[in-house]
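The residues making up each chain are set out below.
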Amino acid sequence: MMCFWGAQVREGLGLVKPDQVTHGKCGLRSMCPKTAVQDMSAGRSFAGFIRDGKVSVLRLRSEDSDHYGKLKQLQLKSNIRLIVCGEDGAVLLAYGGKVLIMDKSTVCRPLKGLDNRQVIQIACGDHHSMALTNDGQVFMWGENSHGQLGLRKDHPVSPSAQHVQSLSGIPLAQISAGGDHSFVLSLSGVVFGWGKNSAGQLGLGDTTDRHVPTVVNSLNQKKTVSISCGGEHTATLSKGGTVFTFGSGGSGQLGHNSFRDEHHPRVVAELWGSEVSQVTCGRHHTLVSITSSKLIYSFGCGMQGQLGNGKMIMQCVPFPVDLPTECNREYTIKKLIAGENHSIALFFKESGNESKSRGILTLDDRMIGRWLSGNEPWKVVKNFVVYRDINKVFSSAASLNGSFLKRSCDDHYQTSVECCGLDFDLVKTSFAKLSENESLISEVVKVVQQTLLPSLNPNPTGVEALRLYLLLPELIRRLKKQQRTELTEALAFKIFQLNPAARRVLEMYWSKLPDDWLKGLVKLFKKVSANLIGRFASDNMNWDIITHLPKFVTILHMVYQVCCSANRNITKSDFIIHEINDLLDVLETTHEDINIYRELFLLTGQFQAVMAQQNYYNTILKNLISLPCIFNLEAKCSLMKNRTRQGCFPLTLRRTALLEDSFSQLRTATQQQLTEYWLSVFYTEDMKRTDVNKKDFFHNVFKELCAPESQLLMYNDNETMSWFPTMLSVEKEKYFLFGILCGLAFNNNSVVHLPFPLALFKKLLNVKPSLEDLIEFSPVLGRSLQYILDYSDDVREMKMDYTIVWDGKKVELEPAEPGKNVTNSNREDFVDKYVDYTLNKSVEEVFEEFKRGFFKACNRCMAEMFEPEELRGVLVGNEEYDWDILKQNTTYEGSFNAEHPTIISFWEVFDELTSNEKKAFLLFLTGFEKVPILGMSAVKMRVRPPFIFTQDHLPQALTCHALLDLPVYQNKDTLKAKVIEAINHKRGVLGRMRQMLEYTN
């Protein structure tokens, strides 16, 4: 049954004889054509009807008096499923997915530009049209005066279909076209609009036209299920029946009890609570149907009766259409059509007669089951349909992004930059089924590799396009090694090509992944990175690696940062690639070979090739250093030790004025001198450079800097740890120079006396200090603050306020509220502000000077490779004195061996030393008081007898090589006395210089 109201047209619309038309109230006419109308549409010039796949059109305007009001059946070869009418023509969709264009002369022709594509939906505006294919692609054609084609601002009129590439990957549910604007709706209810926006019909809060699809953020998470576009207004319907309208309201077509335009989507309040099932927009009016009451409401322009209420008025609130009684009793409203000045409702007694809107192809259990069905191997039973479906689904980003949505509780409608809307359990079980069949999964891999990945858009318009980057790793990890490696590499390239905004959203999605998924992601990218590093070790001139490896490691580093910020149950060790140590060994060996055989390479003409190889290695290293998550501590220290330097930067000092002279020369040093050269130390008392000078310099200068007499620092209660003072007693520049010395020590692999809490190293690496750091510096104060946090009763009993005393200074932590009391509700804020003041705000100016100096003197990328704990260990060392390991790692040269009497006596004497004497020996041997960060195993002591010695000579150490020259003493007592004398009285530069003078004499 069909009901028709509005502007006068031929009685019966040519579908039935005039006497078969029933006239109801308010100008409504109803009829029951013998052949049911499957679909219909009304535009400005035509109304079109589909019956049994045949199309008839009725001319609605009188320009051509010979054909006005006559129903004309189109002679078409194909059966037609859908018709939509525009201003002067129509678009037809055949059952096979072919699109036909009907012009104003009712001549139909195939649309160009849609070769071999199956269209499932069509839409028509005044002078432009849209088509949606079953693989989720949108095509547009027609005029582009306001950007309604969604292509670009200067794109001309297009008579053939043009792909809207910016929507690639978005799984679409519906398309809609208005006068000169266009809309699409995704499966998760995200709304995109573009084109003319003169009245705010795009719902973007302004009246500026858009030439590319733009998300209507106001409708996000509103569970939108359908859209309809009018001449210059738009309506959306949410699941549950809420109607939003926006755009032109001059005829009341928005239903807001006003005639104002709306630039943002606004709820039609009069329909609130109604079970609205359909909404459709005409040129200047709107129709909605309500399922429960079988009513139709109308609002807007009714000057030609198109509102169905018997009045020729502009109506700005929804009012019921006066439908025939039998409509309410026997029929169900299946489709509403709002045209230029007409309104039509199609009713059916039984469901199934109407034309249903089809959706894009998506992957589900039913489809997978069909692919896997049959007793024979898949290759044998494979047929065209299965092959077609695999190609359609896995070559389409939109199809995959529309699969596996979390539909329980409508969770997929919550899709946003923080929620991907996927059902991870469903994904896992589906891909597990797919991977059971080797032939099937091979076909899937081929399609993904050859078609899907090359088609991905690096600048996606909506976040739904990023689901694919979550789905593919789950598929890839189930593949065989070769397939897994190739696809992971290809996927990493695509992630790397994403624009920064898209990558940030993807990182957010990673942070929300279940733990097993995130661990799988780490494992996947770690494996491919390790594989490339392994290939480098065996084929170290493979130029593909220099291009590929940094990109894969960058992806791994992105995941690492996500895990750190999201506090996930994944450890830092999960990211370490141990093969990197082999790579560093190759680089170190090559560097050594170049230095040793430089002259030979020059003579044989190989020098340029060898240097090119070294530059290649250096490029690899430069790229990897900025991605520290893959390095273990040993590898980081190896990089520090073996970094290429350009030469030496000399400091010439007086032993009696170390700080004064070093500060004077460091003021004028360039950053290049400080960071790219090794430090060499000369003393004016003896201009010979010695290997011990540098380490002794750092040892003595830091002892002097950190001593209370320097007035540079403040100290904790037991004077075991230092911090920056609140009130300065020295020039601010000295903190800058102090930072330079710390940076120099780091840059020259020197362990120094720097008794600072971990907070210093956190701040250098832009990590926020915590209460634990304050506890380390001031245990009593820190634990008192922890007690406040843990206190189970009312904190007000302690009678504390936000006024504190720090470094002898009274401070208001809440300047806007002096004396503010600490309560249970604000105690966390109080402790946070206390920690922030003591470790940040109170020392901000001084610390920034120190930091500026530190990074002037050391390579920032190298320093930032380390975690705060590691950076402290590199600079300060540790106190894990395992003397047994020192003995085990010691080697002997010359006439010495482990069984030599002098060596046996030496170790007996060493075991008898006190703990402090053993530490003094370590300083004597290495120039460091503490153990290097890698532990005592990093101290490789070598012991040899001197070439010339007497019983009066003391043991001598070459600290740069941990080399001990141990004279062969006549007895153990003499050996012990000489060792103790050396480490206690002559461990400094002066003592060793005297020994050297004695040897030379």
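Structure's up top.
Just so it is clear, the model here is predicted, and its values are computed rather than measured. (Residues numbered from 1 in each chain as written. Predicted model: local features only at pLDDT ≥ 70, side-chain atom pairs only at ≥ 80, totals over all residues. Heavy atoms only, no water.)

1. Topic: the overall build of the chain
Here comes step 1: Helix and strand content of the chain: 32 helices and 39 strands.
Here comes step 2: Each of the three principal axes of the chain carries a C-alpha extent, and together these read 135 × 75 × 50 Å.
Here comes step 3: Within the span of the chain, comprising 1001 residues, buried residues form 55% of the whole.
Here comes step 4: Just so you have it, the chain exposes about 43,500 Å², and 48% of that area is on carbon and sulfur atoms.
Here comes step 5: Across the chain, the mean location of the 113 positive side-chain charges is 7 Å away from that of the 112 negative side-chain charges. (Helix = DSSP H or I, 4+ residues; strand = E, 2+ residues; numbered from the N terminus. Buried < 20%, exposed > 50% of the residue type's maximum accessible area, 1.4 Å probe, protein only. Areas by Shrake-Rupley, 256 points an atom, 1.4 Å probe, with all protein chains shown as cover. Lys, Arg positive; Asp, Glu negative; His and termini not counted. Charge placed at Lys NZ, Arg CZ, Asp CG, Glu CD.)

2. Things to note about the pairing of strand S24 (residues 276-281)
The side chains of a regular strand alternate between the sheet's two faces.
Here comes step 1: Extensive coverage of S24 is indicated by the burial of 5 of its 6 residues.
Here comes step 2: In this structure, the hairpin formed by S24 and strand S25 (residues 285-290) is closed by a connection of 3 residues. (Pairing = 2+ DSSP bridges.)

3. Thoughts on the side chain of His285
Here comes step 1: Within the secondary structure, His285 sits in strand S25.
Here comes step 2: For His285, the side chain forms a polar contact with the side chain of Ser343, separated by 2.9 Å. (Polar contact = N/O pair within 3.5 Å; in protein donor to acceptor, adjacent residues only side chain to side chain.)

4. Concerning the sheet that holds strand S14 (residues 138-142)
Here comes step 1: Strand order in the open sheet formed by 4 strands is S12-S13-S14-S15, and the pairing between neighbours is antiparallel. Each having just a single partner strand, strand S12 (119-124) and strand S15 (158-163) make up the two edges of the open sheet. Taken pair by pair, the neighbouring strands of this sheet meet at an average axis angle of 20 degrees, ignoring direction.
Here comes step 2: As defined by bridge partners, S12 adjoins strand S13 (residues 128-133) across 5 bridges and the pair is classed as antiparallel. Its bridge partner lying in S13, Ile122 is registered against Ala131. (Axes fitted to C-alpha atoms, helices over the stretch in contact; angles between N-to-C directions.)

5. Re the pattern of salt bridges
Here comes step 1: Going through the model one piece at a time under the given rule, you end up with 44 salt bridges.
Here comes step 2: Across the pair Glu864 and Arg860 runs a salt bridge, and its minimum N-O distance is 3.5 Å.
Here comes step 3: Among the residues examined, Glu864 registers a relative accessible area of 32% and is labelled partly exposed.
Here comes step 4: On the basis of relative accessibility, which here comes to 39%, the residue Arg860 falls in the partly exposed class.
Here comes step 5: Salt bridges sharing common partners tie together Arg44, Glu87, Asp126, Arg283 and Glu340. (Salt bridge = Lys/Arg side-chain N within 4 Å of Asp/Glu carboxyl O.)

6. Things to note about helix H8 (residues 468-476)
For an α-helix, the turn length of 3.6 residues means that residues three or four places apart are oriented alike.
Here comes step 1: The buried fraction of H8 is high, at 9 of 9 residues.
Here comes step 2: Every buried residue of H8 is accounted for by Leu468, Tyr469, Leu470, Leu471, Leu472, Pro473, Glu474, Leu475 and Ile476.

7. What to know about helix H10 (residues 500-511)
Here comes step 1: With 12 residues, H10 extends 17 Å between its outermost C-alpha atoms, agreeing within 8% with the 16 Å of an ideal straight helix rising 1.5 Å per residue.
Here comes step 2: Buried within H10 are the following residues: Ala502, Arg503, Val505, Leu506, Tyr509, Trp510 and Ser511. (Expected span 1.5 Å × (residues − 1).)

8. Examining the sheet that holds strand S22 (residues 243-247)
Here comes step 1: Taking strand neighbours across the sheet as the criterion, the 4 strands line up as S20-S21-S22-S23 in an open arrangement whose pairing is antiparallel. Edge positions in the sheet fall to strand S20 (224-229) and strand S23 (262-267), since each has one partner strand and no second. Across this sheet, the average inter-strand angle for adjacent strands is 15 degrees, counted without regard to direction.
Here comes step 2: Judged from the 5 bridges that link them, strand S21 (residues 233-238) and S22 form a sheet pairing that is antiparallel. Bridged to Ala235 within S22 is Thr245.

9. A closer look at a negative patch on the surface
Here comes step 1: A cluster of acidic side chains, namely Glu579, Asp582, Asp585 and Glu634, defines a negative patch on the protein surface.
Here comes step 2: No other element matches the 3 residues that helix H13 (residues 579-596) contributes to the negative patch.
Here comes step 3: If you trace the backbone, Asp582 turns up in helix H13. (Patch = residues over 30% accessible without salt bridge, like charges linked within 9 Å, V, L, I, M, F, W, Y side chains within 5 Å.)

10. Overview of empty space enclosed by the protein
Here comes step 1: Taken as a whole and assessed by the stated rule, the structure comprises 2 cavities of 30 Å³ or more.
Here comes step 2: One number sums up the size of the largest cavity: a volume of about 40 Å³.
Here comes step 3: What lines the largest cavity is Phe4, Val9, Arg10, Glu11, Gly12, Leu13, Val21, Arg29 and Met31.
Here comes step 4: Taken together, the residues of the lining of the largest cavity sort by class into 5 nonpolar, 1 polar and 3 charged.
Here comes step 5: Approximately 30 Å³ is the volume found for the second largest cavity. (1 Å grid on protein atoms, 1.4 Å probe; cavity = no way out; pocket = protein on both sides within 12 Å on 5 of 7 lines; lining within 4 Å. Points joined across faces, edges and corners; volume = space filled by probe spheres on them. Nonpolar A, V, L, I, M, F, W, Y, C, P; charged D, E, K, R; others polar.)

11. Focus on the nonpolar core
Here comes step 1: In this structure, Phe394, Trp510 and Leu754 are the most contacted members of the largest nonpolar core, which totals 167 residues.
Here comes step 2: Phe896, Val909, Ala962 and Leu964 belong to the second-largest nonpolar core, a separate cluster that totals 29 residues. (Core = buried A, V, L, I, M, F, W, Y, C linked by side-chain atoms within 4.5 Å.)

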